[in-house]
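This is what each chain is made of:
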Amino acid sequence: MTGGPGAGKTAVLEMVRRYLCEHVRVLPEAASVVFGGGFPRHDDAQCRRAAQRAIFHVERELEAIGAGHNAAIVLCDRGTIDGLAYWPGSAEDFWAATSTTLEAELARYHAVIHLRTPTTLQGYNHQNPLRTESSTMAAAIDARILDLWARHPKRYLVDSTGDFLDKTADALAFLRRELPECCSTHLETVLATS
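Residues numbered from 1 in each chain as written. Predicted model: local features only at pLDDT ≥ 70, side-chain atom pairs only at ≥ 80, totals over all residues. Heavy atoms only, no water.

Asker: It is not clear to me how the overall build of the chain should be interpreted in this structure. Could you clarify?
Answerer: Summing up its helical and strand segments, the chain has 8 helices and 4 strands in all. Along the chain direction, N to C, the helices and strands of the chain fall in the order α-β-α-α-β-α-α-β-α-β-α-α. Here the chain holds 194 residues, and the buried ones make up 43% of them. Counting contacts in the chain only where the partners sit at least 6 residues apart, residues at least 24 apart contribute 73% of the total. As presented, the chain carries roughly 10000 Å² of accessible surface, and 54% of it is formed by carbon and sulfur atoms. (Helix = DSSP H or I, 4+ residues; strand = E, 2+ residues; numbered from the N terminus. Buried < 20%, exposed > 50% of the residue type's maximum accessible area, 1.4 Å probe, protein only. Contact = heavy atoms within 4.5 Å. Areas by Shrake-Rupley, 256 points an atom, 1.4 Å probe, with all protein chains shown as cover.)

Asker: Would you mind going over the pairing of strand E4 (residues 155-158) with me for this structure?
Answerer: Where a strand is regular, its side chains alternate between the two sheet faces. Burial along E4 is one-sided: Tyr156 and Val158 are buried, and none of Arg155 and Leu157, which face the opposite way, are. Sheet topology note: the strand E3 (residues 112-115)/E4 ladder contains 4 bridges and is parallel. Residue pairing for E4: His114 is matched across the bridge by Leu157. (Pairing = 2+ DSSP bridges.)

Asker: Help me understand a negative patch on the surface in this model?
Answerer: Taken together, the side chains of Asp159, Asp163, Asp166 and Asp170 make up a negatively charged region of the molecular surface. Here Asp159 lies in the loop between E4 and helix H7 (164-178). With a relative accessible area of 52%, Asp159 lands in the exposed category. (Patch = residues over 30% accessible without salt bridge, like charges linked within 9 Å, V, L, I, M, F, W, Y side chains within 5 Å. Salt bridge = Lys/Arg side-chain N within 4 Å of Asp/Glu carboxyl O. Lys, Arg positive; Asp, Glu negative; His and termini not counted. Charge placed at Lys NZ, Arg CZ, Asp CG, Glu CD.)

Asker: How should the environment of Pro5 be read in this particular structure?
Answerer: When you line up the elements, Pro5 lands in the segment before helix H1 (9-19). For Pro5, a relative accessible area of 5% corresponds to the buried category. In this structure, the C-alpha to C-alpha distance between Pro5 and Thr117, residues 112 residues apart in sequence, is 6.3 Å.

Asker: I'm lost on the packing of aromatic side chains in this one. Help?
Answerer: Inspection of the entire model under this criterion finds 5 aromatic pairs. Ring centres of Trp87 and Phe94 lie 5.2 Å apart, and the angle between their planes is 75 degrees; on these two criteria the pair is classed as edge-to-face. On the basis of relative accessible area, Trp87 is assigned to the buried category, the value being 6%. Here Phe94 falls in the buried class, since its relative accessible area comes to 0%. A ring pair is formed by Tyr109 and Trp149, whose centres lie 5.3 Å apart and whose planes are at 80 degrees; its orientation type is edge-to-face. With Tyr109 in the loop between helix H5 (102-107) and E3 and Trp149 in the loop between helix H6 (135-148) and E4, this pair connects stretches of sequence that are 40 residues apart. Across the pair, exposure class does not vary: Tyr109 and Trp149 are buried alike. Through a chain of ring-to-ring contacts, the aromatic side chains of Phe56, Trp87, Phe94 and Trp95 assemble into a single cluster. (Phe/Tyr/Trp six-rings, centres within 6.5 Å; stacked < 30°, edge-to-face > 60°.)

Asker: It is not clear to me how helix H3 (residues 45-67) should be interpreted in this structure. Could you clarify?
Answerer: Since the α-helix turns once every 3.6 residues, residues separated by three or four places project in the same direction. For H3, which comprises 23 residues, the first-to-last C-alpha distance of 33 Å matches the rise-based estimate of 33 Å (1.5 Å per residue) to within 8%. Within the span of H3, buried status applies to Ala51, Gln52, Ala54, Ile55, Phe56, Glu59, Leu62, Glu63 and Gly66. Backbone geometry just downstream of H3 places His69 in the positive-phi region, at approximately 60 degrees. (Expected span 1.5 Å × (residues − 1).)

Asker: Even after reading the chapter, I still don't get the pattern of salt bridges, so can you show me in this structure?
Answerer: Pairing between side chains becomes possible if they bear opposite charge and their charged atoms approach one another. Scanning the entire structure with this criterion turns up 11 salt bridges. Residue Glu29 is joined to Arg78 by a salt bridge in which the shortest nitrogen-to-oxygen separation is 3.0 Å. In this pair, Glu29 sits in the loop between strand E1 (24-26) and helix H2 (30-36) while Arg78 sits in the loop between strand E2 (73-75) and helix H4 (91-98), placing the two residues 49 residues apart along the sequence. Taken individually, Glu29 and Arg78 each receive the classification buried, so the pair is uniform in this respect.

Asker: Would you explain the side chain of Thr2 in this entry?
Answerer: Structurally, the position occupied by Thr2 is in the segment before H1. Only 2.5 Å separates the side chain of Thr2 from the side chain of Asp82, close enough to count as a polar contact. Excluding residues that lie within four positions of it along the chain, Thr2 makes contacts with Lys9, Arg78, Asp82, Val112, Ile113, His114, Leu115, Ile145 and Trp149. (Polar contact = N/O pair within 3.5 Å; in protein donor to acceptor, adjacent residues only side chain to side chain.)

Shape is all these values report; function is a separate question.
Next comes the structure, spelled out in structure tokens:
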């Protein structure tokens, strides 16, 4: 699950975590783990690079843990590619710093659900204390993330709407396409009772 700041990724994944079967593993957002844990957050290029390298490696390790324990599906709150949208330099510099390539990272993900960032009129807000972006900055990051994942062969786009429940329903419909049968059936039951 990807998208710009404030798109609703964490909220949708929290719903999935609470209501889907035990075969579905939902990972936390690596940036929240890093910054919520006290990693320094400064706006100069050196610190932004250090933060994005840390987030990249935390994401990789979270995914390694998630893939264990017989999970049928692992859902990530962002992916390793997202860091390039925040990187203060060239794509080549980012891939050299993370010792990988865009192609290798795209191949690591079976499917991508991109939730678009809402405008201020659609409900973009700063309620998350770790969110520092204005709505204009968030929209620009969302556009960069959209472009970065464009070559993924199985990418779903969830447009932003004024009603978050509609957006959630759209995201869950895409997710249902990717779930194993037992989990998909469970999701249908949850949606029917909502």
